[in-house]
Amino acid sequence: MTLFKQLMITIIAIFSLMLVVVMGINFNTTKEYLVNQLESTTQDSATSLSMSISGFMGMEDYVSVESSVNAVFDSGYFSEVKVHVYDTDGYVSRTNPTQIEGVPAWFISAIEFDEPVASAVISNGWSELGQVYVTGSAGYGYYQLWLATRDLVLSFLAIGILTVGIGMIALRQIFKPLAAVEAQAEAIQQRKFVKMDYVPKTRELRSVVLSMNRMAEKLEKEFAAEAETAQWLQAKAFKDPVSGLGNRNFYESQATAHFDDADRTMDGLILISLSDLAKLNNERGYEAADTFIKSAADILMNSIKGTVSSTIVARLSGADFVILMSHIDLERLESVVANIMTEMKDLVSTCVAYSESVASIGGVLLDAKSDKFKAMAQADAALRAAKSMGVNGVKVFDIDTGQNMAIGRLAWKNMLEFAIENKSFKLRKQSVAELLNQDHILQQEVFASLEYEGQQYHAGYFIGLAEQFDLGEKLDQVIINLIVDYIKKQNPQIPLTINLSASAYVKPAFIAWLDLLLSDISQETKAMMSFEVSEQSVLSTEDHALLLSQVFKRHKVTFGIDNVGKQFSAFQYLQNLMPDYVKVDPSYTKLAVGKESESFFMHTLCKMFNSLNIQVIATGVESHKQLEILQRFDIYGAQGFILGRAEDM
């Protein structure tokens, strides 16, 4: 119960108690007054009647006596008036049964009102001729007592309603700072460190508001410091200071995790070697060389902006760069390489390059069987072939792409449209377990495979093409509907996690569709669903990701971010999106079991996430040694082959 309701109930209780006490006092006072008044009236009437009929009694004129009795009876509120005649030992009387009109029966039965009886002696000279008895009527007393009680209750109710109404308005004004403090506390809980501008004058409330502001400011500074530390450590360990790209350590850690992925399909590996960098440095100075390197790095980053798949860009050494692109076909790879060279040649006109010879580029298409070392050897061979071709040479090797990628782009488009139309997808799920209690499954991530003419193609083969063909929205809708139907039919006890593509949620129509879908299903079904987006997609579509997260928050659906830490970025976006959990990139899981300096970075990341009340899940866990070491960090859950492979749904 809210404090406002408690205070209102207290006020009403106190007011009601006052009403009861005042009514009790007033009731007894009024009743006593009416009884005394009726006793006085009956006594006066009895005395007056005895004096007025004494003469008639002496003459034994009982007719006149009766007339006097009737006159007195009719002039007041009496239930009986009688005269006892001593001579005849008879009575002259007038009676009327007590009638009470206008008074509720419950009031009469609840209140006892005694009828007063007054008497007076009738004398003539020294002789006593009789006695007069006058009995008052209780009807008058009940009626007057009822009127007084009713008016008092109505007055108190009117005053009470007015008082409660004014009290509610006054309390709401007084409670405005408390409501603001409550909103501030909710915002802090949601990792938004807002501060109140208005400080109330009330001493206690002022103290609370100032304390909350100090706490919000402190938490904001702590998070900013932790984010800055994590970013600094990440840059120190993995970022090339000149180009702003990842360094060799970054590429090695990312490539190791990438090539260990069992669901990997076709990859493109590109090596870029800048020409005459040493001459440029010697003749024009290091600033000119750095400008050349930065310009080349900008070209490489711009070349992958349109890609939807995971891409790694790094500077391996002084003049050498590498790009690793996943889920790509030969045509797309050749297009990327050609675009890079076209933009590189533009550096000649701006005199950034040393001469007409800007760079040599070698690329290779890799199948799922290639390992990291074999891939680098093949790319290096392509680069050597490009250099042998002369100035600004380009060479892309198509090394046995395999039957799957031999399918033409048009054929893939037809296959995707057929699968979407017929919901021809097979679903698998992989468990995410609590790190300290691995028997407790937190969620199960869902993976989709396309089925066509008896063949299965997992997402690595078609997800990139679906986005290129602008079919990502329809594909995600089909997968979501399949999972909703599965939940309704199978009634699972563990939430299923759905990965969303950026090409889907950047469209307002998709977000509106998802919002409507979540509105139409029960809360029990929504409790068995969670959604993920990759950090790379969030950084390129943060505004759309914010709208998406607001939909999930409104429907109380769990929301997470995958592959966190893979990009060089500030982590401030976490405060805006407020995810329920993050999945740390597998490369950092491997670093956690490496050197102390590398594991310290993982520790800093986890500390920062937990300061925002975001659960941390480690991915790519493949050994018991990793599980053992990861338990030293503030990690809530883990996902990997050691905890369970993907299984059919």
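Each remark here, short or long, concerns the structure printed above.
Small disclaimer: the values here were computed from a predicted structure and weren't measured. (Residues numbered from 1 in each chain as written. Predicted model: local features only at pLDDT ≥ 70, side-chain atom pairs only at ≥ 80, totals over all residues. Heavy atoms only, no water.)

Focus on the environment of Leu539
Item 1. Mapped onto the elements, Leu539 comes out in helix α19 (residues 535-540).
Item 2. As for Leu539 and Gln567, which are separated by 28 residues in sequence, their C-alpha atoms are 8.7 Å apart. (Helix = DSSP H or I, 4+ residues; strand = E, 2+ residues; numbered from the N terminus.)

Examining the sheet that holds strand β8 (residues 359-366)
Item 1. Taken in spatial order, the 5 strands of this open sheet run β6-β7-β5-β8-β9, and their pairing is mixed. Every other strand in the sheet has two partners, leaving β6 (311-315) and β9 (394-398) as the edge strands with one partner each. Pairs of neighbouring strands in the sheet enclose a mean axial angle of 10 degrees, with direction left out of account.
Item 2. Sheet topology places β6 next to strand β7 (residues 320-326); 5 bridges connect them, and they run antiparallel. Looking at the pairing, Val313 lines up with Ile323 of β7.
Item 3. Strand contacts of helix α11 (residues 372-388): β5 (267-274), β8 and β9, with the helix running at about 140 degrees to β8, the strand carrying the most contacts. (Pairing = 2+ DSSP bridges. Axes fitted to C-alpha atoms, helices over the stretch in contact; angles between N-to-C directions. Contact = heavy atoms within 4.5 Å.)

As for the pairing of β7
Item 1. Counting buried positions along β7 yields 6 of 7 residues, so the element is predominantly enclosed.
Item 2. As paired strands, β5 and β7 are joined by 7 bridges and run antiparallel to one another. Note that in β7 the partner of Asp267 across the bridge is Ser326.
Item 3. Linking β6 back to β7 in an antiparallel pair, the connection comprises 4 residues. (Buried < 20%, exposed > 50% of the residue type's maximum accessible area, 1.4 Å probe, protein only.)

Remarks on the pattern of salt bridges
Item 1. What the rule picks out here adds up to 11 salt bridges.
Item 2. Among the salt bridges present, the one from Glu252 reaches Lys372, with a minimum N-O distance of 2.9 Å. Taken as a pair, Glu252 in helix α7 (residues 248-259) and Lys372 in helix α11 lie far apart in primary sequence, 120 residues in all.
Item 3. A relative accessible area of 29% places Glu252 in the partly exposed class.
Item 4. Between Asp580 and Lys553 there is a salt bridge, with its nearest N and O atoms 3.5 Å apart. Taken together, the positions of Asp580 in the loop between α21 (573-577) and β16 (581-584) and Lys553 in helix α20 (residues 542-554) put the pair 27 residues apart, joining distant regions of the chain. (Salt bridge = Lys/Arg side-chain N within 4 Å of Asp/Glu carboxyl O.)

Things to note about the packing of helix α17 (residues 508-520) against α20
Item 1. It is at 10 Å that the axes of α17 and α20 come closest, and there the two elements cross at 5 degrees. Between α17 and α20, the crossing angle belongs to the class labelled roughly parallel. Two secondary-structure elements touch here, α17 through Ile511, Leu514, Asp515 and Leu518 and α20 through His544, Leu547, Leu548, Val551, Phe552 and Arg554.
Item 2. The residue makeup of the contact of α17 with α20, split by class, is 7 nonpolar, 1 polar and 2 charged. (Parallel < 35°, antiparallel > 145°, perpendicular 65-115°, else oblique. Nonpolar A, V, L, I, M, F, W, Y, C, P; charged D, E, K, R; others polar.)

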